[in-house]
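Structural overview
The primary structure of each chain is shown beneath.
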Amino acid sequence: MERSVRRGCGLLAAARKSLRERGLGDGGDPGAPARFSLGAGDSRGAAGSGGPSWLPGIRSFSLSAAARVLFGAGRWGGDGGKQQRTLRDVVELMQKKECRRVVVMAGAGISTPSGIPDFRSPGSGLYSNLEQYNIPYPEAIFQLSYFFANPKPFFTLAKELYPGNYSPNYAHYFLRLLHDKGLLLRLYTQNIDGLERAAGIPPDRLVEAHGTFATATCMVCRRTFPGEDFRGDVMADKIPRCPVCTGVIKPDIVFFGEELPQRFFLHVADFPMADLLFVIGTSLEVEPFASLAGAVRGSVPRVLINRDLVGPFAWQQRYNDVAQLGDVVSGVQKLVELLGWTEEMQTLIQKERKKLDAKDK
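Moving on, we come to the sheet that holds strand β4 (residues 211-218). Read across the open sheet, the three strands follow the order β5-β4-β6; overall the sheet is antiparallel. The open sheet has two edge strands, β5 (224-226) and β6 (249-253), and neither has a second partner. In this sheet, adjacent strand axes meet at a mean angle of 40° when their direction is disregarded. Note: β4 against β5, three bridges, orientation antiparallel. Bridge pairing links Ala216 to Phe225 in β5. Across the sheet, helix α5 (residues 152-161) is in contact with β4 and β6; its angle to β6 comes to roughly 55°.

So, on to unusual backbone geometry. Across the junction of Glu287 and Pro288, the peptide omega takes the value 5°, indicating a cis bond. Considering the arrangement of structural elements, one finds Pro288 in the loop between β7 (276-280) and β8 (302-306). Within the chain, Thr246 stands out as a residue other than glycine whose phi angle is a positive 70°. Its location among the elements puts Thr246 in the loop between α8 (231-235) and β6. According to the relative accessible area criterion, Thr246 is exposed, its value standing at 53%.

This part takes up the side chain of Glu196. Mapped onto the elements of the fold, Glu196 is located in helix α7 (residues 195-198). For the buried Glu196, which has no salt bridge, the nearest side chain bearing the opposite charge is Arg197, at an N-O separation of 6.9 Å. Among all residues touching Glu196, those that are not within four sequence positions of it are His172, Leu187, Thr189, Asn191, Ile201 and Leu206.

Quick look at the nonpolar core now. In terms of nonpolar packing, the biggest core is built from 39 residues, with Met94, Val104, Phe174, Leu175, Leu178, Phe278 and Trp341 touching the most fellow members. Of all the secondary-structure elements, those providing two or more residues to this core are α3 (87-95), β1 (102-106), α6 (170-180), β2 (184-189), β7, β8, α11 (328-339) and α12 (342-360). The element that contributes the greatest number of residues to this core is α6, accounting for seven residues. The next biggest cluster of nonpolar side chains, apart from the first, holds 25 residues, and it includes Met105, Phe271, Ala295 and Phe313.

On to α6. The element α6 is largely enclosed, with a buried count of nine among its eleven residues. Within α6, burial applies to Tyr170, Ala171, His172, Tyr173, Phe174, Leu175, Arg176, Leu177 and Leu178. For α6, the capping residue at the N-terminal end is Asn169, with a side-chain oxygen 2.9 Å from the backbone nitrogen of Ala171.

This next bit is on the packing of aromatic side chains. Across all of its chains, the model carries 14 aromatic pairs by this definition. Considering the side-chain rings of Phe142 and Phe154, the 6.3 Å spacing of their centres and the 75° angle between planes classify their relative orientation as edge-to-face. Pair noted here: Phe142 is in the loop between β1 and α4 (144-149) and Phe154 is in helix α5, with a separation of twelve residues, a long-range link. For Phe142, a relative accessible area of 1% translates into the label buried. Residue Phe154 is classed as buried on the basis of its relative accessible area, which comes to 3%. Following the ring pairs from residue to residue traces out a cluster consisting of Phe142, Phe147, Phe148, Phe154, Phe155 and Phe255. Stacked on the ring of Trp341, the Lys or Arg Lys181 has its end atom at 4.7 Å from the ring centre.

Attention now goes to the environment of Phe147. Among the structural elements, Phe147 can be located in helix α4. C-alpha of Phe147 to C-alpha of Phe255: the two residues are 108 residues apart in sequence and 9.5 Å apart in space. Every residue in contact with Phe147, bar those within four places of it in the chain, is listed here: Phe154, Phe155, Met219, Val248, Lys250 and Phe255.

Criteria and thresholds
- Residues numbered from 1 in each chain as written.
- Predicted model: local features only at pLDDT ≥ 70, side-chain atom pairs only at ≥ 80, totals over all residues.
- Heavy atoms only, no water.
- Pairing = 2+ DSSP bridges.
- Helix = DSSP H or I, 4+ residues; strand = E, 2+ residues; numbered from the N terminus.
- Axes fitted to C-alpha atoms, helices over the stretch in contact; angles between N-to-C directions.
- Contact = heavy atoms within 4.5 Å.
- Buried < 20%, exposed > 50% of the residue type's maximum accessible area, 1.4 Å probe, protein only.
- Lys, Arg positive; Asp, Glu negative; His and termini not counted.
- Salt bridge = Lys/Arg side-chain N within 4 Å of Asp/Glu carboxyl O.
- Core = buried A, V, L, I, M, F, W, Y, C linked by side-chain atoms within 4.5 Å.
- Polar contact = N/O pair within 3.5 Å; in protein donor to acceptor, adjacent residues only side chain to side chain.
- Phe/Tyr/Trp six-rings, centres within 6.5 Å; stacked < 30°, edge-to-face > 60°.
- Lys NZ or Arg CZ within 6 Å of the ring centre and 35° of its normal.

Shape is all these values report; function is a separate question.
As structure tokens, then:
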């Protein structure tokens, strides 16, 4: 955490000064005190659907908010009566090659069609189904203090979520196609299931905001290892141990109180540079991830493909915001059809699924 603070302190200081000069406080209300936090989320979050925060109930002011102030993105106020954009308008911009630096924000809703339960849905979310693990309260499974005392429940859950248990779906392959066409600047995902990697999106185009099973760290000597080295132990219901010091090996999933991956701070450059933002399958409830939706420039179209209106799409819509509501895969399919990419998508999915089938044999 200290490294992140040192690296971001200059930007935060400039943002704090600018906020004071403009009379903007938390949420943009004049006179309200700005609240700065580099915590990994809010009190409602957990790895994979959100990270933790040390200040429950406070919406964190992440570096993306600083970027909005410094680069003039996400202006407050109306849009002068401009006509609201449609999905077809965005498609035309893409076809005219006016959108060539696409940033995507993805949440649990992009993975539920693959059979992975999300974290919060009543009755079906992972939090609702954790009683079987005999833990004092659901969030404990992602708390370091509980993990050190009893790592078994986490690894029982990890066995269910470990990469290789599920396959990418249509929405993941749409993101892969964006990359293949040279349009994907970066994909920011809240998910820890690794399905973006499985779909063939290279790691340099990924920001796994809440961590990954791809790497793991010894909690004693801090050596790092490929996550796949310990897949056998996890599948065999064994606690992974460091081959050097015998300490417990923890996948690099962000727990409550842990810092976000350093790659997360690429957003300071990525979002001001983006010329199109897709927000897919996320509640936009968990900070600092949620604030990224407001970090693009005010002229940049934002497309929400989601079950419900969320975040700024619900409370501060811009004229160039587009909301495709309902089933996520159906929304992506409609976008693909309008783009004229249906045949390419079918070819890509068939090719990639053959690769996955061959790998499993």
